[in-house]
Amino acid sequence: MVSLADYARDERTARVMLSMIVEPDDTNIGRLLRREGGIETLRLLDAGGPMPGVRPEEAAILHHTVQQAGSRVGFENDLAHVLDGSYTPLIPGDAHWPVSVDALGERAPYVLWARGATSFLASRRDARVTITGSRAATAYGDHVAGELAADASMAEQIVVSGGAYGIDGAAHHGALAADGDTIAVMASGPDRLYPAGHRDMLERVSDLGLVMSEMPPGSTPTRHRFIARGRLLAALSSATVIVEAGARSGALNVAREAHALGRGVGAVPGPITSAASTGTHLLLSEGTATLVTGSHNLAALTTGRQQAPARAQGLSSGLDLDALDQERPGRSL
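What counts and how
- Residues numbered from 1 in each chain as written.
- Predicted model: local features only at pLDDT ≥ 70, side-chain atom pairs only at ≥ 80, totals over all residues.
- Heavy atoms only, no water.
- Pairing = 2+ DSSP bridges.
- Helix = DSSP H or I, 4+ residues; strand = E, 2+ residues; numbered from the N terminus.
- Salt bridge = Lys/Arg side-chain N within 4 Å of Asp/Glu carboxyl O.
- Buried < 20%, exposed > 50% of the residue type's maximum accessible area, 1.4 Å probe, protein only.
- Right-handed = clockwise from strand over helix to strand, strands pointing away.
- Axes fitted to C-alpha atoms, helices over the stretch in contact; angles between N-to-C directions.
- Parallel < 35°, antiparallel > 145°, perpendicular 65-115°, else oblique.
- Left-handed = near helix turned anticlockwise from the far one by under 90°.
- Contact = heavy atoms within 4.5 Å.
- Nonpolar A, V, L, I, M, F, W, Y, C, P; charged D, E, K, R; others polar.
- Core = buried A, V, L, I, M, F, W, Y, C linked by side-chain atoms within 4.5 Å.

S.K.: Teacher, can you tell me more about the sheet that holds strand β6 (residues 210-213) here?
M.R.: Hydrogen bonding along the main chain pairs the strands of a sheet, whether they run parallel or antiparallel. Reading across from one edge, β1-β2-β6-β5-β4-β3-β7-β8-β9 is the order of the nine strands in this open sheet, with mixed pairing throughout. Edge positions in the open sheet fall to β1 (88-90) and β9 (290-291), since each of these has one partner strand only. Sheet topology places β1 next to strand β2 (residues 112-116); three bridges connect them, and they run antiparallel. Across the sheet, P89 pairs through a bridge with W113, a residue of β2.

S.K.: Help me out: how do you make sense of the pattern of salt bridges in this one?
M.R.: Two side chains carrying opposite charge are able to pair once their charged atoms lie near each other. In total, this model carries 15 salt bridges according to the counting rule given. Of the charged contacts in the structure, one is a salt bridge between E23 and R225, with a shortest N-O distance of 2.7 Å. Placement of E23 in the loop between α1 (11-21) and α2 (27-36) and of R225 in helix α9 (residues 223-236) is noted, with a sequence separation of 202 residues between them. One salt bridge in this structure joins R107 and E257, with 2.9 Å as the shortest N-O distance. Of this pair, R107 sits in the loop between β1 and β2 while E257 sits in helix α10 (residues 251-260), and the two are 150 residues apart along the sequence. Comparing R107 with E257, the two get one shared label, buried. Three or more residues joined by partner-sharing salt bridges are found here, namely D25, R107, E214, R231 and E257.

S.K.: Looking at this structure, how should I read the pairing of strand β8 (residues 264-267)?
M.R.: On a regular strand, one side chain projects to one face of the sheet and the next to the other, so that they alternate. Burial along β8 is two-sided: G264 and G266 and V265 and A267, pointing in opposite directions, are all buried. Pairing analysis gives four bridges linking strand β7 (residues 239-242) to β8, with the strands arranged parallel. In the sheet register, I242 faces β8, and the bridge partner there is A267. In terms of handedness, the path from β7 via α10 over to β8 forms a crossover that is right-handed. One ladder, built from two bridges, connects β8 with β9; its direction is parallel. Looking at β9, one finds that A267 is bridged to L291.

S.K.: Help me understand the packing of α9 against α10 in this model?
M.R.: Helix packing geometry: the angle between the two helix axes and the distance between the axes. The geometry of α9 relative to α10 is characterised by a closest axis approach of 8 Å and an angle of 45° between their N-to-C directions. Regarding the angle of α9 to α10, the classification is oblique. As α9 runs across α10, the sense of the crossing is right-handed. Contacts between α9 and α10 involve I227, G230, R231, L233 and A234 from the former and N253, V254, E257 and A258 from the latter. Its residues placed into classes, the contact of α9 with α10 shows five nonpolar, two polar and two charged.

S.K.: Before we go on, may I ask you to explain the nonpolar core in this structure?
M.R.: Considering soluble globular proteins, one finds that nonpolar side chains tend to be buried as a cluster. Of all hydrophobic cores here, the largest spans 32 residues; its most connected members are I183, V185 and M212. Sorting the residues of this core by element identifies β2, β4 (158-161), β5 (182-185), β6, α9, α10 and β8 as the ones contributing at least two each. With residues up to four places along the chain from it excluded, the contact list for I183 reads F120, L121, R128, I158, V159, V160, S161, H172, L210 and M212. Membership of the second largest hydrophobic core comes to 30 residues, among which are M20, I29, I91 and W113.

S.K.: Hey, could you run me through the side chain of R231 in this one?
M.R.: Relative to the helices and strands, R231 is located in helix α9. In contact with R231, not counting residues within four places along its chain, are P24, D25, L104, R107, A108, P109, E214 and E257.

Below is the structure:
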């Protein structure tokens, strides 16, 4: 029987296969990749025996996952399809690989799938700023996010966000309206533009900027993939700004990931009566974020936090992600 490792002709193909088989943010896979490389990691997974640094029960689960993938009819065709040239698979060592994500250590992505200006990822980390927040944004939050994104664009910074309704959409629109550069990080494959109501905007981002994901083409968004994406939004930029967020918003996860990496974190205050600002006030009160009231604060954040990153730890997944499975038709900004 042909093993999966037999399909891995090089490191790129091996990492592409891992992105098709294993969920992102798996520290066991990340540890093996750093120690053994992609091809040897696949061989170890195929073999079904002990794996360096992996507990036996976790190794058994990984081996079962690989067995299921290997026995799937058409896997070879699926591999050929994702590598048909429609999307660029970037791996460490490539000219446009964003070295800032290497700070994630064992939680770094196996591969990044990109469509658009991959050169954005090769820019200096302080040339990128992440602006994100609640999907259930208020008119105030939308306005502030758009203004901050436009100001960042005027300062020749690349605006990074997640393409979602609410604050994310306002940030992308603000950058595009200012003729700026923007990156949308998907929790699905780069071909599955989510949410559907933002398809036109995301296609424009891919034409003028960059759409990217650690998930291969064809992948659907899931709760775990949304949570895992938070570490990429945090790691890509020198600073993260949360404009609005509820008390259990997934945007708080992004802020805490950025803080753990030693990156700048800012939060925009709102009315004390607004539930949409509960999360930003929490970040400010606990000291995770500093106050952002305008572009002058944004500039200080992106240039003032260049300390060595702390070890990135897995954060709590007990977040409602603003009901991520509800696309709220009609809110397309």
